[in-house]
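Summary of the model geometry
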Amino acid sequence: MSAADFTKLADLFPHEIVTHSYVQDIELPAQAGKPSPGTFALITLDNGLDHTKPTTLGPNTLVELGTLLEELRERAGRGEIVGVGVTGKPYFLVAGADLSAVKNLEEREHGLWMAQLGHDVYATLANLGVPSFAFINGAALGGGLEVALQSTYRTVSTGAGALALPEAYLGLVPGWGGVYLLPRLIGPENAVKVMIENALSNNRTLTGPQAFALGIADAMFEPADFLEQSLAWAGKVISGEVTAERPNAVDPADPETAERWSAAVAAGRALVEAKTSNAAPAPGKVLDIMEANRTMTQAESAALECETLAELMQTDEFRATVYAFLDLVQKRSKRPAGAPDRKLARPVTKVGVVGAGLMASQLALVFARQLKVPVVMTDIDQARVDKGVGYVHAEVDKLLAKQRISPDAANRTKALVTGSVSKDVFADADFVIEAVFEELNVKKEVFAELERIVTPECILATNTSSLSVTAMAEDLQRPERLVGFHFFNPVAVMPLLEIVRAPRTDDAVLATAFELAKALKKTGVLVKDAAAFVVNRILLRLMGEVTAAFDESTPAEVADNALRPMGLPMTPFTLGAMVGLPVAQHVQESLHAAFGDRFTVSANLQKLIDNGVRGMWAPGPDGSQVIPESTLSLMSFGTSPSTADEVLRRTQDALAEEIGLMLAEGVVAGPEDIDLCMILGAGWPLFLGGITPYLDRVGASERVNGKRFLPAGVASRRSADNPTKV
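As annotated in an unreviewed UniProt entry, the protein is Enoyl-CoA hydratase/isomerase family protein from Pseudarthrobacter siccitolerans. UniProt annotates the protein under Catalytic activity (unreviewed entry) with the comment "a (3S)-3-hydroxyacyl-CoA + NAD(+) = a 3-oxoacyl-CoA + NADH + H(+)".

**Focus: the sheet that holds strand S6 (residues 139-141)**
Across a sheet, strands are paired by hydrogen bonds formed along the backbone, either parallel or antiparallel in direction. Taking strand neighbours across the sheet as the criterion, the three strands line up as S4-S6-S8 in an open arrangement whose pairing is parallel. Unpaired on one side and paired on the other, strand S4 (92-94) and strand S8 (163-164) mark the two borders of the sheet. Two elements, S4 and S6, share two bridges in a ladder whose sense is parallel. Opposite phenylalanine 92, over in S6, you have alanine 139 as the bridge partner. This element, helix H5 (residues 143-150), spans S4, S6 and S8 of the sheet and lies at about 95 degrees to S6.

**Remarks on the sheet that holds strand S14 (residues 459-462)**
With mixed pairing, the eight strands of this open sheet are ordered in space as S12-S11-S10-S13-S14-S15-S16-S17. Looking at which strands have only one partner, the edges of the open sheet turn out to be strand S12 (417-420) and strand S17 (523-528). Across the sheet, the mean angle from the axis of one strand to that of its neighbour is 25 degrees, orientation sign disregarded. Summarising the sheet, strand S11 (residues 375-378) and S12 pair through four bridges and their orientation is parallel. When the sheet's bridge partners are listed, valine 376 is paired in S12 with threonine 418. Of the strands in this sheet, strand S10 (351-354), S11, S12, strand S13 (431-434) and strand S15 (482-486) are in contact with helix H15 (residues 358-371), which crosses S11 at around 170 degrees.

**Section: the environment of glutamate 80**
Here glutamate 80 is to be found in the loop between helix H2 (59-77) and strand S3 (83-88). C-alpha of glutamate 80 to C-alpha of threonine 39: the two residues are 41 residues apart in sequence and 7.0 Å apart in space. Look past the residues within four positions of glutamate 80 in its chain and what remains in contact with it is Thr39 and Arg75. At a separation of 3.0 Å, a polar atom in the side chain of glutamate 80 contacts the side chain of arginine 75. Only 2.8 Å separates the side chain of glutamate 80 from the side chain of arginine 78, close enough to count as a polar contact.

**Section: the UniProt feature "domain: 3-hydroxyacyl-CoA dehydrogenase C-terminal" (unreviewed entry) in the protein**
Here, UniProt's "domain: 3-hydroxyacyl-CoA dehydrogenase C-terminal" (unreviewed entry) annotation points to residues 533-613. The annotated region residues 533-613 carries 67% helix and 0% strand content, and the separation between its end C-alpha atoms amounts to 28 Å.

**Digging into helix H18 (residues 440-451)**
For H18, spanning 12 residues, the distance from its first C-alpha to its last is 17 Å, which sits close to the expected 16 Å at 1.5 Å a residue. Within H18, the full set of buried residues consists of Lys443, Lys444, Val446, Phe447, Leu450 and Glu451. The arc enclosing the buried residues of H18, seen along the axis, measures out at 160 degrees, which places them on a common side. On its buried face, H18 sits against S10, S13, S14, helix H19 (469-473) and S15.

**Some points on unusual backbone geometry**
In this structure, the amide linkage connecting asparagine 489 to the following residue, proline 490, adopts the cis form with an omega of 0 degrees. Within the secondary structure, proline 490 sits in the loop between S15 and strand S16 (496-501). With phi around 60 degrees, alanine 162 is a residue other than glycine that occupies positive phi space.

**So, the packing of aromatic side chains**
Two aromatic rings are characterised by how far apart their centres lie and by the angle between their planes. Counted by the stated rule, this structure contains 17 aromatic pairs. Here phenylalanine 133 and phenylalanine 135 contribute two aromatic rings whose centre-to-centre distance is 6.3 Å and whose plane-to-plane angle is 35 degrees, an arrangement assigned as tilted. Side by side, phenylalanine 133 and phenylalanine 135 carry an identical accessibility label, which is buried. When the centroid spacing of 5.1 Å and the interplanar angle of 25 degrees are considered together, the rings of phenylalanine 133 and tyrosine 153 count as stacked. Of this pair, phenylalanine 133 sits in strand S5 (residues 132-136) while tyrosine 153 sits in strand S7 (residues 153-157), placing them 20 residues apart in sequence. Take phenylalanine 133 and tyrosine 153: they sit in the same class, and that class is buried. Each member of the aromatic cluster is reached from another via a ring pair, and the members are Phe40, Phe133, Phe135, Tyr153 and Trp233. We note arginine 184 situated over the ring of tyrosine 180; from NZ or CZ to the ring centre the distance is 3.6 Å. Seen from the ring of phenylalanine 599, arginine 541 lies directly overhead, with NZ or CZ sitting 6.0 Å from the centre.

About the thresholds
- Residues numbered from 1 in each chain as written.
- Predicted model: local features only at pLDDT ≥ 70, side-chain atom pairs only at ≥ 80, totals over all residues.
- Heavy atoms only, no water.
- UniProt positions renumbered as here; feature names shortened; annotations may be inferred.
- Pairing = 2+ DSSP bridges.
- Helix = DSSP H or I, 4+ residues; strand = E, 2+ residues; numbered from the N terminus.
- Contact = heavy atoms within 4.5 Å.
- Axes fitted to C-alpha atoms, helices over the stretch in contact; angles between N-to-C directions.
- Polar contact = N/O pair within 3.5 Å; in protein donor to acceptor, adjacent residues only side chain to side chain.
- Expected span 1.5 Å × (residues − 1).
- Buried < 20%, exposed > 50% of the residue type's maximum accessible area, 1.4 Å probe, protein only.
- Arc of directions from axis to C-beta.
- Phe/Tyr/Trp six-rings, centres within 6.5 Å; stacked < 30°, edge-to-face > 60°.
- Lys NZ or Arg CZ within 6 Å of the ring centre and 35° of its normal.

In structure tokens:
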């Protein structure tokens, strides 16, 4: 088929922001006194927007690119060009398929057309009659990386970031050849790492050097003269002076490779089960295709990819993922509801951290790395201060060893972080955050002392996870300067910041908090001052229901695994052990005091804490997880066991009730902010689309509240009249 045959699909998207294909003829440089190898056609992909707006591949974009490639194939046949290259505008090769277009493909046939169009265009690129080259100058995601994989050769910039095949994360499969080409190019184990492990690890991406090390690119050059060096290298390849070394490439027909292939697929399936409890279809489909295509031709694999893509585009999981990723993570997170005008924000040139424990040290590190301003920690004695500063230096050394930071940057970051036993060092700070013991009176004493030292303009922040910011501010001379600034652990990894506005927090303070969040590369969500804010309130309600079912005599393995259809990152008992049973119990007690019996305080859990038990589960003799008899002997149980389905439904209804109450209280601006907080702060699975559409789909919202959280059709094709487990 010709790209022009897909104009009926392109016509469905008259408002697509087209990434145009601009071509220029370039005379390749002469090599070692020899004449130029000939004329080279260089395609630049550019959507005409500023460099913060990524290029994407929609139907009109693909038709234009495909038509151009067909013309270049004809020119190659006439001997007018000796090669074709594809590159992008600054910072982007291509950031993948246009999800705004893909999510609107209502008919299965339209999804099939989209998949077939991509394959048609990429097949032309792969069969021009002359070598094709991808010059990866920046982000290359999904279909963007597949442009490169379909080319004969690839170069990559050392400055390129965000190279990935993230489709499993987005509810799809790499549908334009990636799942066929990548394992053959870099080996099956590396391919599973890129397509499954990285995708399911919160969409981890590769840098240019990492991609080169895997063998995705054949050559790597510095950003300053990347295009010039790439063109010169292409000339050498065409003239036969250099050849591409591909040590990780494999032949699937080789018996040893076949064994490796099967083992890699099996390892991928185990990872999918561990990460998602197999509740999301897309990751398994990626592995299904990879397993099947070992013995397929590329055309056979392409047909399987097209059918699988068309199927997945019609699933609730895909639509939920697009809502979560596009509407929430990509859009709403950048326009926080309720945030004041950013022009009100004050400059922050020095940060103070009260405390030098683990959380405080993590805060000091992220402030120093991202803001690049002096950060000073304090604690009650020099040994604690030295330990905190030492932690920061050790973490910087780890980053240096992993080559994630340059030696100069490492030295500068270390120099920015200092410590003292006197809070007088905060006298010239613009922003001071406390990370001391989670006790209200302790925090109030800290802020009273700080007010005697800091300037009137200095902003005071608390990293409390559950205490009242209003109560902390009530005795301050300037209560308007206090704001909640709640990070999640581990600070360097978790992207959410719950920014808590107390009744008297002023707009300038709040605006500064949001600008700081952005500078720290975190997503700030405005939260009303209410016990445990958003994430911990929801998680503790969830954990409380499961613990209550266990206390009522539901077997531990039933209670703890009942929520597996949700595909959560870890079970409730595992989460409790990770947080720490005393911490979880302390927050639960705070919530019980604030909201009553909806938050039950487990007597069994308290017995474990009193006896120094750190977690419910322990390794059994056969490697399985068991509750030791010594732990069971400490506890007493009721006589009302539940089934897994009953625990799941009970928890769904409890969550629907709690979120309904939170929205009625005005804790956040809307259900979308609840969803965003849970995705970024609790690892709520993207394929569920957020917690509120999930509760809508399973019918809990209407069972408990009599209405859906979101309008029908948001993140789902199904109505509440036809709920389904996800």
